[in-house]
Amino acid sequence: MARAKTVEERDGVELTNLDQPLFDGAGATKRDLVDYLDAVRDRILPGLRDRALTVMRVRPGQDPFMQKNLPKYAPEWIETVSVWAEASHREVHYPVCNDRRTLLWYANQRSVEYHPALIPVGATRATHLILDLDPPAGDDFAHVVRAAALVRRALADSGLAGTVKTSGSKGVHIFVPLHEDVEVVDAAAATRALAARAERLDPEVATTAFIKEDREGKVFLDSTRAGGATVVAAYSPRVRPGLPVSFPLDWDELPDVTPADFTVRTALDRLGDADPWHDRMPEPQALPADLLEEGHAIPIARVQAMHEGKRRARARRRNEDAT
């Protein structure tokens, strides 16, 4: 005989099987996920509001998977936005998470990670510069902290200020809020220039090399989070052992923490009633002309890596034919 499905309700949303384990290694149940997201709703929702949303879900017995399209069985009150995906030549119907019940519905779907689009629905301008600092495999967080200090210095040298959060994985994300008149192409160029300036401060610590084999054990300063990209929201959990969350920090706190310190079980005690992501975010800023000029002269990393990959493949084939 099948076990009865336990059902609770919040804000008109049915919540089921809350006491099931979330995933192997999470050390948490589905209830822990739902309770955490509900508790931080007023802090996570501003980062999701009016943005196309991609989530990462974990279903029992399956590998985690990214979901863009709103499922056909979703309630009709969930807002959507349709975006043409050039790569797959199809229209994607993204959800927009603007309220508590949408967040609860997604939590009940075992949606662990929340990745909003960088550009709000209907907007044509960038709202932030974003640098994603990614350490090499097996590296410690202290290496990321040193690289983050380089980015902070490059920002200050450029007359800019940003704020930082753990990625919820092994690195950090640095956000710089922008005046509303910044074009997406200019934001992308400025991000490339900032990464290059930080790399020049200490090329033994950080690199802008997009191809992994060229990074030589350095922290990757990823400047490609622009335009149609996404980045995990502040306060979002991650599908990682222990269920860590992407947690806002003061710059001076970085040397004294690790990303694993902040989980769905510990983050709320650390936060209290505060919203450090909002409170520490600088005022929107204009981009210096010299930063834009430098950035527009730097090739787009993905495009450059694609051409370099093709060049190396041709060279390998020539070497194989010669032997």
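Residues numbered from 1 in each chain as written. Predicted model: local features only at pLDDT ≥ 70, side-chain atom pairs only at ≥ 80, totals over all residues. Heavy atoms only, no water.

As recorded in an unreviewed UniProt entry, the protein goes by the name ATP-dependent DNA ligase, listed as coming from Pseudonocardia humida.

> So what exactly am I meant to see when it comes to the side chain of S111 here?
Take S111: it is sitting in strand β7 (residues 111-116). In terms of polar contacts, S111 uses its side chain to reach the backbone carbonyl oxygen of Y106, at 3.0 Å. Not counting residues up to four positions away in its chain, the partners in contact with S111 are L33, L37, V55, M56, R57 and Y106. (Helix = DSSP H or I, 4+ residues; strand = E, 2+ residues; numbered from the N terminus. Polar contact = N/O pair within 3.5 Å; in protein donor to acceptor, adjacent residues only side chain to side chain. Contact = heavy atoms within 4.5 Å.)

> Explanation requested: empty space enclosed by the protein in the structure shown.
Tallied over the entire structure, the rule returns two cavities of 30 Å³ or more. Of the voids in this model, the largest cavity is the one considered here, and its volume is about 60 Å³. Contributions of two or more residues to the lining of the largest cavity are made by β8 (128-134) and α5 (184-201). Broken down by element, the residue count for the lining of the largest cavity peaks at three residues, all from α5. The residue inventory of the lining of the largest cavity, partitioned by class, reads eight nonpolar, three polar and one charged. Considered as a void within the structure, the second largest cavity measures approximately 30 Å³ in volume. For the second largest cavity, the full set of lining residues is L129, I130, L131, V151, L155, I174, V176, T191 and L194. Counting residues per element, the ones that place at least two in the lining of the second largest cavity are β8, α4 (141-157), β10 (172-177) and α5. (1 Å grid on protein atoms, 1.4 Å probe; cavity = no way out; pocket = protein on both sides within 12 Å on 5 of 7 lines; lining within 4 Å. Points joined across faces, edges and corners; volume = space filled by probe spheres on them. Nonpolar A, V, L, I, M, F, W, Y, C, P; charged D, E, K, R; others polar.)

> Help me out: how do you make sense of α5 in this one?
Side chains of residues three or four places apart in an α-helix project in the same direction, reflecting 3.6 residues per turn. With 18 residues, α5 should cover 26 Å at 1.5 Å per step; its first-to-last C-alpha distance of 26 Å lies within 8% of that length. Every buried residue of α5 is listed here: A187, A188, A189, A190, T191, R192, A193, L194, A195, A196, R197 and A198. Where α5 is buried, its residues meet β8, α4, β12 (219-222) and α8 (289-296). (Expected span 1.5 Å × (residues − 1). Buried < 20%, exposed > 50% of the residue type's maximum accessible area, 1.4 Å probe, protein only.)

> Can you help me understand the sheet that holds strand β3 (residues 53-57) in this one?
Across a sheet, paired strands are connected by hydrogen bonds in the backbone, their directions being either parallel or antiparallel. Spatial ordering of the open sheet is given by β4-β3-β7, a layout of three strands whose pairing is antiparallel. Pairing within the sheet leaves two strands with one partner each, and these edge strands are β4 (65-67) and β7. Strand-to-strand twist in this sheet, taken as the mean axis angle between neighbours without regard to direction, amounts to 25°. Note that β3 and β7 share five bridges and pair antiparallel. From the neighbouring strand, R57 faces β7, where its bridge partner is S111. Most of the contacts of helix α3 (residues 100-108) go to β7, to which it runs at about 130°, and overall it touches β3, β4 and β7. (Pairing = 2+ DSSP bridges. Axes fitted to C-alpha atoms, helices over the stretch in contact; angles between N-to-C directions.)

> Please explain the sheet that holds β12 as it appears in this structure.
What the six strands build is an open sheet, ordered β11-β12-β8-β10-β9-β13; its pairing is mixed. Each of the sheet's edge strands pairs with one partner strand only, and the pair in question is β11 (206-207) and β13 (248-249). As paired elements, strand β9 (residues 163-166) and β13 share two bridges and run antiparallel to each other. Residue pairing in the sheet places K165 in a bridge with P248 of β13. Contacts from α4 reach β8, β10, β11 and β12, with the element oriented near 15° to β10.

> Which parts of the structure should I look at to understand the packing of aromatic side chains?
Any two aromatic rings considered together are summarised by their centre-to-centre distance and by the angle between their planes. Going through the model one piece at a time under the given rule, you end up with five aromatic pairs. Centre to centre, the rings of W105 and Y106 are 5.0 Å apart; their planes meet at 85°, and the pair counts as edge-to-face. Overall, W105 belongs to the buried group, its relative accessible area being 9%. Overall, Y106 belongs to the buried group, its relative accessible area being 1%. Taken together, a centroid distance of 5.0 Å and an interplanar angle of 80° make the contact between F175 and W277 edge-to-face. Taken together, the residues span a long stretch of sequence, with F175 in strand β10 and W277 in helix α7 (residues 276-279) at a distance of 102 residues. With respect to burial, F175 and W277 carry one shared label: buried. Cluster of aromatic residues (ring-pair linked, three or more members): Y73, W105 and Y106. Residue placement shows R101 over the ring face of W77; its charged tip is 4.1 Å from the ring centre. The ring centre of F220 lies 3.8 Å from the NZ or CZ of R215, which sits over that ring. (Phe/Tyr/Trp six-rings, centres within 6.5 Å; stacked < 30°, edge-to-face > 60°. Lys NZ or Arg CZ within 6 Å of the ring centre and 35° of its normal.)

> It is not clear to me how unusual backbone geometry should be interpreted in this structure. Could you clarify?
What you tend to see is this: most non-glycine residues have negative phi, and most peptide bonds are trans. In this structure, R110 takes a positive phi of about 65° despite not being glycine. Mapped onto the elements of the fold, R110 is located in the loop between α3 and β7. Judged by relative accessible area, which is 6%, R110 ranks as buried. Although it is not a glycine, L243 adopts a positive phi angle of roughly 55°. Inspection of the secondary structure puts L243 in the loop between β12 and β13. You can call L243 buried: its relative accessible area is 0%.

> Looking at this structure, how should I read the confidence of the model for the protein?
Low pLDDT marks stretches whose predicted atomic positions should not be read closely. Summing up the model confidence of the protein, the mean pLDDT is 91 and the portion of residues at 70 or higher is 91%. Below a pLDDT of 50 lies the segment residues 306-312, which in the model reaches four contacts outside its immediate sequence neighbourhood of four places, other chains included. (pLDDT = per-residue confidence, 0-100.)

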